[in-house]
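# Overview (structure and organization)
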Amino acid sequence: MFFAPSSIDNIEKNSILKKFLHKDVSLWSDNPEIQKKINNRLGWLDVKDKWYEWIEKSKIFINELINRKIKNLVLLGMGGSSLCPLMLREINGIKDTYPQLFVVDTTDPDEVAKIKELNPDDTFIIFASKSGSTIEPNTKFNYLWNYYLSVLNEKAHAHFGAITDPGSSLEKIATERKFNYIFLNPPDIGGRYSALSLFGLVPAVSIGIDMDLFIQRAKEMLDDCLSQTEWLNNPGARLADFLSENAVKNRDKLTILTDDKIKPFGLWLEQLLAESTGKETRGIVPVIESSTGIPGYYGSERIFVYIRLKETPAEQALNDFIDELRKAHFPVYEIILNDIYDISGQFFLWEFATALSCVFLGVNPFDEPNVTLSKNKTKEVITILQEKGALDVEFITDTSSQLNFRSSKMMSQSKSGLFRSLREIFQVLPQWGYLGFLPYLPYDSLIEDIINEMRDLSKRERGFATVMGYGPRYLHSTGQIYKGGPISSAFLIFTRAKDKNKEYPLIPDFNIDFWQLQLAQAIGDFEAMSDLNKRVIHIHLPEDYLEGLKTFSSVYSRAIMIV
């Protein structure tokens, strides 16, 4: 059951808030088994008493690395264990004398190769995983562990650490192999709610953030949210009211606008929102825009949040655009940060508001039921690869562009060409729907530029929202809402042909290489979305994927311009 906050009075809202503050799991489910699972995911509400202990341990750890003259700190993670560290590094930078932080949250072979090029003598690797069973960090660990053993011999263990839950398979591995450092996080904190736990604090300390300020701002927000029992006075409740009131009325595309300095915050926020709310055909679809445009480009399903810094000069801020949105009667929620240290408070504010919003959306914010489908499909593909050494995937070669592609079950299976397949999507995708660009490619600003041009064109010509996420990163971020959220959506998955001039070593214990693994993950998610009757086109680009993507962009532009 879902309902709008406006359908109840403030007394009832206050009652919901008090139940929330008392961790009453009946807010989200009346099923005893589900309630038990939810109760084991509420530890993020109680973290503040552990902060100083965790920070002191983290400082001892990083000071040891600095004394050892470690120059590179590599974090192997996925989803909740990697997006917060990545975002903190991008916003705060890295303090002088501290190691360079590399966050590796992909299986792309080019990205993995960059890490292997770092000198093992002055590199330290943190394996961050709640369960220790996630395929992306596991395969990278297997690969790098074997490489470091071959170079450093018996000293290899001194270059590895772990952040995980007590009793996890990763803790067992780390103990058996005598990792230099093992951080054990409370098991009742889920990945996307772990920014203010060891998964976020260890990396924060490792890049030299002023942790006194960081924790002070987090504590201020936490205290405001946990002490205010009046709905209208609670910052988390006010934000939840805005999000859920609009979402249940089909204004479910939350456009996240930020000042440039804090733009990476959106990477963390989109996972929290999408994975928590996107199920049972409902959810809040986070949209990080590549540009703003004019209000006339946006559909009636859009709402906006603008997170801005006080220090941003007026000419660089988005105040004029926000005024235009309000004049055009778009719902806008504005959050003003004193400086970048207020980001720590935003972690808690958005965790609180998201979980509370799910009470009105009628969904469990602490599960991700559709993520398993992609994982299982990927396992099936990997098994075929391991047994046969190749995949039985048939692509159609578009006679005009010479690009290889295939379409999901929901789409016409005629071999009419890429242009016609794109036209099919544009003909059925409503203005209130959205289109996802999902490249399983290296992290590259040139890729983003080409895709952003298509996104901007889509906004101008059709008005529907567009999202973009690298694979396999999005599988552990927004992938849940793509499969379980609002049904008016379509997706474009991009992979690339194997570079014949490169050697791709096998991953130990998997008997496939990273190019095959990344392709298997793309195929697995394509099959998962196809089984869910999503409209999806899988475009298999040539070795020169940038040129291939430019060619696709040309086909896309022609197809979308035809009314």
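Residues numbered from 1 in each chain as written. Predicted model: local features only at pLDDT ≥ 70, side-chain atom pairs only at ≥ 80, totals over all residues. Heavy atoms only, no water.

### A word on the environment of aspartate 212
Note on placement: aspartate 212 falls in helix 9 (residues 211-227). On the basis of relative accessibility, which here comes to 57%, the residue aspartate 212 falls in the exposed class. Aspartate 212 sits 129 residues away from tyrosine 341 along the chain, and the two C-alpha atoms are 9.9 Å apart. (Helix = DSSP H or I, 4+ residues; strand = E, 2+ residues; numbered from the N terminus. Buried < 20%, exposed > 50% of the residue type's maximum accessible area, 1.4 Å probe, protein only.)

### A word on the packing of helix 3 (residues 51-67) against helix 8 (residues 198-206)
Running from amino to carboxyl end, helix 3 crosses helix 8 at an angle of 45°, the nearest separation of the two axes being 9 Å. As far as their axial angle goes, helix 8 and helix 3 are oblique. When you trace helix 3 past helix 8, the crossing you get is right-handed. Taking contact as the criterion, the partners of Trp51, Trp54, Ile55, Ser58, Lys59, Phe61 and Ile62 in helix 3 are, on helix 8, Leu198, Leu201, Val202, Val205 and Ser206. The residue makeup of the contact of helix 3 with helix 8, split by class, is 9 nonpolar, 2 polar and 1 charged. (Axes fitted to C-alpha atoms, helices over the stretch in contact; angles between N-to-C directions. Parallel < 35°, antiparallel > 145°, perpendicular 65-115°, else oblique. Left-handed = near helix turned anticlockwise from the far one by under 90°. Contact = heavy atoms within 4.5 Å. Nonpolar A, V, L, I, M, F, W, Y, C, P; charged D, E, K, R; others polar.)

### Examining unusual backbone geometry
A cis geometry characterises the amide bond from glycine 471 onward to proline 472, with omega recorded as 5°. Summarising the element assignment, proline 472 is placed in the loop between strand 13 (465-468) and helix 17 (479-484). Although it is not a glycine, lysine 178 sits at a positive phi angle of roughly 60°. Structurally, the position occupied by lysine 178 is in the loop between helix 7 (169-176) and strand 5 (181-184). Under the relative-accessibility criterion, lysine 178 is labelled exposed at 59%. Although it is not a glycine, threonine 281 sits at a positive phi angle of roughly 65°. With respect to the helices, strands and loops of the structure, threonine 281 is situated in the loop between helix 11 (265-277) and strand 7 (285-288).

### Brief notes about the side chain of threonine 466
Tracing the backbone through its elements, the reader meets threonine 466 in strand 13. Sequence-distant contacts of threonine 466, that is, excluding residues within four places in its chain, are made with Val287, Leu435, Phe437, Arg455 and Ser458.

### A short note on the sheet that holds strand 12 (residues 434-439)
Read from one edge to the other, the open sheet built from 6 strands follows the order 10-11-15-14-12-13, with strand pairing classed as mixed. A strand with exactly one partner marks an edge of an open sheet, and here the two such strands are strand 10 (396-397) and strand 13. By the bridge criterion, 7 bridges tie strand 14 (residues 489-496) to strand 15 (residues 535-541) in an arrangement that is parallel. Residue pairing across strands places threonine 495 opposite histidine 540, the latter belonging to strand 15. (Pairing = 2+ DSSP bridges.)

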